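For reference, the chains in residue letters:
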Amino acid sequence: MSLYALVPVFVAVFLAELGDKTQVASLLFATDEDLNPWLVFAAASLALTASTGIAVLLGSYAAKYLDMVPIRLLAGIGFILIGSWSVFTHFKA
């Protein structure tokens, strides 16, 4: 596997995390004068690494059993539904 094969993974995760509630939480923790910003960074990085590790393990395990399920299609439909719900609730209010 080449390093270039990892670029889409990096870009997708990086873009997905921009403005995520995880970043907002990290930003709020970093504003606390009692907390060292580098320790906030380390803790947030460790948390993201741990949750990503769990997702990768579950994904690689599930891949053995879900080869016939169109996961990308289902994920895409799920994101469309969540986005539609967000737009609907925005205009409903």
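Residues numbered from 1 in each chain as written. Predicted model: local features only at pLDDT ≥ 70, side-chain atom pairs only at ≥ 80, totals over all residues. Heavy atoms only, no water.

(A) Inspection of the overall build of the protein at higher detail. When its secondary structure is counted, the protein shows four helices and zero strands. Helices (α) and strands (β) of the protein occur, in sequence order from the N terminus, as α-α-α-α. Against the globule reference of 12 Å for 93 residues, the protein gives a C-alpha radius of gyration of 17 Å, more extended than a compact globule. In terms of overall dimensions, the protein has a C-alpha envelope of 50 × 45 × 25 Å along the principal axes. Classification of the 93 residues of the protein by burial places 1% in the buried group. (Helix = DSSP H or I, 4+ residues; strand = E, 2+ residues; numbered from the N terminus. Rg over C-alpha atoms; globule rule 2.2 N^0.38 Å. Buried < 20%, exposed > 50% of the residue type's maximum accessible area, 1.4 Å probe, protein only.)

(B) Highlighting helix α4 (residues 71–92). Compared with the 32 Å implied by 1.5 Å per residue over 22 residues, the 31 Å span of α4 between its first and last C-alpha is a close match. The buried count for α4 comes to zero of 22 residues, which makes it a mostly uncovered element. (Expected span 1.5 Å × (residues − 1).)

(C) Looking closely at a nonpolar patch on the surface. A cluster of nonpolar side chains, contributed by Y61, Y65, L66, V69, I71, L73, L74, I77 and L81, occupies part of the molecular surface with about 890 Å² of accessible area. Among the elements that make up the nonpolar patch, the one with the highest residue count is α4 (five residues). Among the secondary structure elements, L81 is positioned in helix α4. (Patch = residues over 30% accessible without salt bridge, like charges linked within 9 Å, V, L, I, M, F, W, Y side chains within 5 Å. Areas by Shrake-Rupley, 256 points an atom, 1.4 Å probe, with all protein chains shown as cover. Salt bridge = Lys/Arg side-chain N within 4 Å of Asp/Glu carboxyl O.)

(D) Summary view of the packing of aromatic side chains. Applying the stated criterion to the full structure yields three aromatic pairs. Centre to centre, the rings of W38 and F41 are 6.2 Å apart; their planes meet at 85°, and the pair counts as edge-to-face. Highlighted residues: W38 and F41, both in helix α3 (residues 37–63), separated by three residues, approximately one helical turn. (Phe/Tyr/Trp six-rings, centres within 6.5 Å; stacked < 30°, edge-to-face > 60°.)

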